[in-house]
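What the coordinates show
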Amino acid sequence: VQLVESGGGLVQPGGSLRLSCTASGSFLRIGIMGWYRQAPGKQRELVARISSAGSSTYADPVKGRFTLSRDNAKNTVYLQMNSLKPEDTSVYYCNAQVIFFVGESDDWGQGTQVTVSS
């Protein structure tokens, strides 16, 4: 199973970015999908996650600014990030609960850098 992320980059404070993550490979379906981030010297933290039914949870620092959505047919999750702040600068990692006919796994993407700076 591969999780391929895209959409990171450099943006000015107040700007927007949209991250995408697509799961590919042989599996039955994808369960919970989400985004985490890790800044230098800090622990990886949850940004937001969404169930296959579309129920989402957000970390307090991003509530009201970030929106998570998913397309189950494409096994893809999107993170729309608005009103970005310098403290949002991190490597963002996609995470997915991958469900097989027997068992499941917890998979990660390779990470995409988001830098918010003037």
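Further up the page is the structure itself.
Per chain, residues are indexed from 1 in the order of the written sequence. Residue-level local features of this predicted model are given only where pLDDT is at least 70; pairs of side-chain atoms are given and counted only at 80 or more, and the full residue set underlies all totals for whole chains, interfaces and linings. Side-chain figures throughout are based on the complete set of non-hydrogen atoms in the structure, without hydrogens or water.

We count a stretch as a helix when DSSP gives it H or I for four or more residues in a row; a strand needs E for two or more, and each element gets its number in order from the N terminus. Within the chain one finds zero helices and eleven strands. Along the chain, from the amino end to the carboxyl end, the secondary structure elements read β-β-β-β-β-β-β-β-β-β-β. Over its C-alpha trace the chain gives a radius of gyration of 14 Å, about what one expects of a compact globule, namely 13 Å for 118 residues. Taking the principal axes of the C-alpha coordinates as reference, the chain spans close to 50 × 25 × 20 Å. Residue burial in the chain is summarised as follows: out of 118 residues, 41% are buried. In this analysis, two residues are considered to be in contact whenever any of their non-hydrogen atoms come within 4.5 Å of each other. Considering only intrachain contacts with a sequence separation of at least 6, the fraction spanning at least 24 residues in the chain is 54%. All accessibility values rest on the Shrake-Rupley procedure with a 1.4 Å probe; residue burial counts only the protein chains present in the view. Split by element, the accessible area of the chain, about 6,200 Å² in all, is 48% carbon and sulfur. We compute the radius of gyration from the C-alpha atoms alone; for a globule the expected value is 2.2 Å times N to the 0.38, where N is the number of residues. Think of it in three bands: with a 1.4 Å probe and only protein chains considered, a residue is buried below 20% of the maximum accessible area for its type, exposed above 50%, and partly exposed in between.

Within the patch definition used here, like charges are joined within 9 Å and nonpolar side chains (Val, Leu, Ile, Met, Phe, Trp, Tyr) within 5 Å, considering only residues with over 30% relative accessible area and no salt bridge. A pair is scored as a salt bridge if a Lys or Arg side-chain nitrogen falls within 4 Å of a carboxyl oxygen belonging to Asp or Glu. A cluster of nonpolar side chains, namely Leu28, Phe101 and Val102, defines an oily patch on the protein surface of about 400 Å² accessible area. Here Leu28 is to be found in the loop between β3 (17-24) and β4 (29-38).

Any two cysteine sulfur atoms lying within 2.5 Å of each other are counted as a disulfide. If you walk through the whole model with that rule in mind, you get one disulfide. One disulfide bridge connects Cys21 with Cys94, the sulfur atoms lying 2.0 Å from each other. Classification of the bridge connecting Cys21 and Cys94 rests on its S-S torsion, roughly -80°, and on that basis the disulfide is left-handed. Note that Cys21 is positioned in strand β3 and Cys94 in strand β9 (residues 90-99), a separation of 73 residues in sequence. Owing to a relative accessible area of 0%, Cys21 belongs among the buried residues under this scheme. What makes Cys94 buried here is its relative accessible area of 0%.

Pairing between strands is defined by DSSP: at least two bridges between the two strands are required. As paired elements, β9 and strand β10 (residues 104-108) share five bridges and run antiparallel to each other. Bridged to Asn95 within β10 is Trp108. Where β9 hands over to β10, the hairpin turn is made up of four residues, of which Gly103 adopts a positive phi near 90°.

Function-wise, these values are silent; they only describe arrangement.
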